[in-house]
Structures are given as structure tokens and as C-alpha cells.
Amino acid sequence: ELKVEQNPLFLSMQEGKNYTIYCNYSTTSDRLYWYRQDPGKSLESLFVLLSNGAVKQEGRLMASLDTKARLSTLHITAAVHDLSATYFCAVGQGGSEKLVFGKGTKLTVNP
Amino acid sequence: GAVVSQHPSRVICKSGTSVKIECRSLDFQATTMFWYRQFPKQSLMLMATSNEGSKATYEQGVEKDKFLINHASLTLSTLTVTSAHPEDSSFYICSARAPGVSNQPQHFGDGTRLSIL
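**Student:** Before we move on, can you summarise the sheet that holds strand β8 (residues 76-81) of chain B with the specific residues and values?
**Tutor:** All names here are of chain B. One open sheet holds the four strands; their spatial order is β1-β3-β8-β7, and the pairing between them is antiparallel. A single partner strand is all that each edge strand has here, and the edge strands are β1 (4-7) and β7 (67-73). For this sheet the average axis-to-axis angle between neighbouring strands, irrespective of direction, equals 15°. Summarising the sheet, β7 and β8 pair through five bridges and their orientation is antiparallel. Within β8, the residue paired with S73 across the bridge is L76.

Here it is as C-alpha cells:
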């Protein structure tokens, strides 16, 4: 059974600081996604990672994937308040289109 | 880009009422859609996979007779919560993946917040 663990679950940081969110998964997968969710809203796709060593960057966010370690990271550079949200990683379940989500990381960026 | 529309966005109703939620893919055809449930401050849990023209596939522990899914066309899936009770109150989200390039991300509807009194 595929299990996805994210940490930390809660992250409070100051503007301008850097931090990394981690996503570990238990079985081999060929795809991993990062999503953002604002309070009361649905999910917005951020990154799609499909191969070992994949790195994607958008603004202050950068995601990477190490399939051998079964680990993805979401790195935040010089955080700003607008990045405050809950971030989920989701891992594809082999042989199907199903996704298994991590518990999410609630990020709060303080001025 | 791919857009998924979900309706209604919010429902408040009495216990015992049945509630229907619609999920539409607006600019693509989706043979498969997914229904998730999210409790406050928790992650998304997959409830079922909706398959166009055939029966939905439910995850373990999800009552088929309680959560009826119909996927009658390539752009519409519906979830009906039958005889809803307060414990069914939750945020329900659907998703679909545009066909074509494999491994594209699922696109999510805006969600339906269901409150049963």
C-alpha cells in the first residue's frame, strides 16, 4: 500500500527566509505532484515531477524528485506573505490514475 | 488550460436530505473523474473513481449506496449523498485529467462544502 508522508505539517516562517518541505513515499511511483490549497478553496497544481533528478522552479518555489530515495522536496526561497497556504504532495499509484495525498503542510509566512 | 467546474459550491440542508453534486470538465472530455472528501484541516481522501459509461470504483470503506456516482457523459460526473446526516458534512472535491499527454496533473473543481444540520 502506498503511503505518503509530509513534514513538517505546520510551518511558520518570516518573510525573506528559506525553508524546505519534505515528501516521502513508500513504494515506487512514476509521478509526483505538488498542489497548493488556500483556505476554503480547491487545489491548484504547482509542479509535476516525472523522473529521477527532476527539478522544476516557479518563482520562489522549487521542487525536486529523487526516485531512489522516494523523496521530493519543495523549497521556498525568500518567502513572502502571499505564499501562505497549505501545500500537498500527491503520489501516483502505479498502474492507475489514482493519487495518494500527503497530509499537507500549512505554511504561514509572517511579515 | 483544462478547467473543471463543480456545482454547487455550498449546500446547507436538513438531515435526511439527498444532495447531488455535479462535476463538469469544461474544455476536455474526461473518461475518468475522481471524487475526494476532505475534513477540516485534513488531507484529501479518495472516495471513488468515476468511469464514463460504467460503474464507479469505490475505495475501501466508502458506502456505495450512500454515495451514488453517475458518469453518464464524457464531461459530467455526479455524486449524490443519499439521506445525508451530520457526519457526512465535509468538503467534497472532484478532479479530472485531460487526455493526451500522460501524467498531466489532475485538475480540481472548486469543491462543494456540504453542511448537514
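After that view of the structure, there is still more to cover.
**Student:** An account of the state of the cysteines is requested, with residue identities and associated values reported.
**Tutor:** Residues and elements named next belong to chain A. Tallying each qualifying case throughout the model produces two disulfides over all chains. With its sulfur 2.0 Å from that of its partner, C23 forms a disulfide with C89. Between C23 and C89, the disulfide has an S-S torsion of 80° and is therefore right-handed. One end of the pair, C23, is in strand β3 (residues 19-25); the other, C89, is in strand β9 (residues 85-92), with 66 residues separating them in the sequence.

**Student:** Go over the environment of L83 of chain A with me, naming the residues and quoting the values.
**Tutor:** All names here are of chain A. Of note, L83 is situated in the loop between β8 (71-76) and β9. Looking at L83, the relative accessible area reads 10%, which means it is buried. Beyond its immediate stretch of four places on either side in the chain, L83 contacts R36, R60, L61, I76, L107 and V109.

Cut-offs and rules
Residues numbered from 1 in each chain as written. Chains lettered and ligands numbered in written order. Predicted model: local features only at pLDDT ≥ 70, side-chain atom pairs only at ≥ 80, totals over all residues. Heavy atoms only, no water. Pairing = 2+ DSSP bridges. Helix = DSSP H or I, 4+ residues; strand = E, 2+ residues; numbered from the N terminus. Axes fitted to C-alpha atoms, helices over the stretch in contact; angles between N-to-C directions. Disulfide = S-S within 2.5 Å. Buried < 20%, exposed > 50% of the residue type's maximum accessible area, 1.4 Å probe, protein only. Contact = heavy atoms within 4.5 Å.

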